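A structural walkthrough
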Amino acid sequence: MKISATIITFNEEKQIKRCLDSLAGVVDEIVVVDSYSTDQTEDICSSFEQVRFIQNKFGGFIEQKNFAVGVAKYDWILSLDGDECLSEELIEELQQLKQADSDGSQAFSMPRLNRYCGRWIRHSGWYPDRKVRLWRRAVGKWGGRNPHDSVVLEKEMKAKMLKSDILHYTIPTLEAHVAQSNKFSEIAANELLKSPRRKPAVFKMIFNPPFVFFKKYFFQLGFLDGFHGLSIAVVSAHSKFLKYAKYIQLRSDNENSTP
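Residues numbered from 1 in each chain as written. Predicted model: local features only at pLDDT ≥ 70, side-chain atom pairs only at ≥ 80, totals over all residues. Heavy atoms only, no water.

A short note on the overall build of the chain
How we decide: Helix and strand assignments follow DSSP, with helices taken as H or I runs no shorter than four residues and strands as E runs no shorter than two, numbered in order from the N terminus. As a reference, a globule follows 2.2 Å times the number of residues to the power 0.38, and the radius of gyration itself is taken over C-alpha atoms. Note on exposure labels: buried denotes an accessible area under 20% of the residue type's maximum, exposed denotes more than 50%, and partly exposed covers the range between, all computed with a 1.4 Å probe on protein chains only. Surface exposure here means Shrake-Rupley accessible area, sampled with a 1.4 Å probe, where a residue is shielded only by the protein chains that are shown.
Within the chain one finds seven helices and 13 strands. Since a compact globule built from 259 residues should have a radius of gyration of about 18 Å, the 19 Å found for the chain is in line with a globular shape. Projected onto its principal axes, the C-alpha coordinates of the chain cover approximately 55 × 50 × 40 Å. The burial tally for the chain puts 48% of its 259 residues in the buried class. Just so you have it, the chain exposes about 13600 Å², and 53% of that area is on carbon and sulfur atoms.

So this is what it looks like as structure tokens:
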């Protein structure tokens, strides 16, 4: 069971070493596809013997991750983001899996534990946040809609569930969360604009944000995460508003520019 780890990066100098350290004893090669970082990301990656560092123009999260899979050597793909790493328990679980030669399975999912503003979040819809991140390349590829990508497996195929966590050092400050929300809502609005069907955007702009807040804070027990859970619920609701507001603006701009 030979495994290629794939990672996409852009200015990940603060996070990437932790990610690479966790992979070193598990995989047989590490492919880092970088979107022309301007910090020390390349130097850090080049210090690891297993790493192949490739630069490629960023065309979207899904496109970049599929590019990384395409240049990997081995049949099995283990994909992480630059701000993620394997927990000690997951390292051991994956090593045992390699010894068992995948146990006949074709894909595996694992829970992801997210660290937000200095705290591990175990509610708010953020845990177990299970993701398919290990699969045979012939049975799956990255899909979904940017910026919310996911591994799409062949029809009716189910991933076997591993027990141990990916650790995701996601958002260090509230300011960073607001900035990410602004960035991701813009990407999502542009993706909506590509759809051939016109969206009921005004309705969703009004009613989706309060639903998101109540879902995260009450239904998904975000209040048990204290102030952090409240922040997640509020910013998530605001991000939903921005997504549809920006879509309406983009659609209006396109219509007004048409003769």
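Let's talk about the side chain of D225
Cut-off, in case you're wondering: A residue counts as positive if it is Lys or Arg and as negative if it is Asp or Glu; His and the chain ends are not included. Any Lys or Arg side-chain nitrogen located within 4 Å of an Asp or Glu carboxyl oxygen qualifies as a salt bridge. What makes two residues a contact is simply this: any of their non-hydrogen atoms within 4.5 Å.
Relative to the helices and strands, D225 resides in the loop between α6 (201–219) and α7 (226–257). Comment: no salt bridge for buried D225; closest opposite-charge side chain is R119, at 4.3 Å. The contacts of D225, once residues within four sequence positions are left out, are R119, I121, R122, H123 and S124.

Some points on the packing of aromatic side chains
Let me state the cut-off plainly: Within 6.5 Å between ring centres, the rings of Phe, Tyr and Trp (the latter by its six-membered ring) count as paired, and their orientation is classed by plane angle as stacked under 30 degrees, edge-to-face over 60, tilted in between. Both a distance and an angle decide whether a charge sits over a ring: NZ of Lys or CZ of Arg must be within 6 Å of the ring centre and within 35 degrees of the ring normal.
Within this structure, the stated rule accounts for 13 aromatic pairs. Ring centres 6.0 Å apart and planes at 75° place the aromatic pair F61 and F184 in the edge-to-face group. Pair noted here: F61 is in helix α3 (residues 61–71) and F184 is in helix α5 (residues 174–194), with a separation of 123 residues, a long-range link. Residue class for F184 comes out partly exposed when judged on its relative accessible area of 22%. When the centroid spacing of 6.3 Å and the interplanar angle of 70° are considered together, the rings of Y217 and F223 count as edge-to-face. Classification of F223 by relative accessible area gives partly exposed; the value is 39%. Linked through ring pairs, F213, F214, Y217, F218 and F223 together constitute an aromatic cluster. For the cation-ring pair, K65 lies above W142, with the distance from its terminal atom to the ring centre recorded as 4.4 Å.

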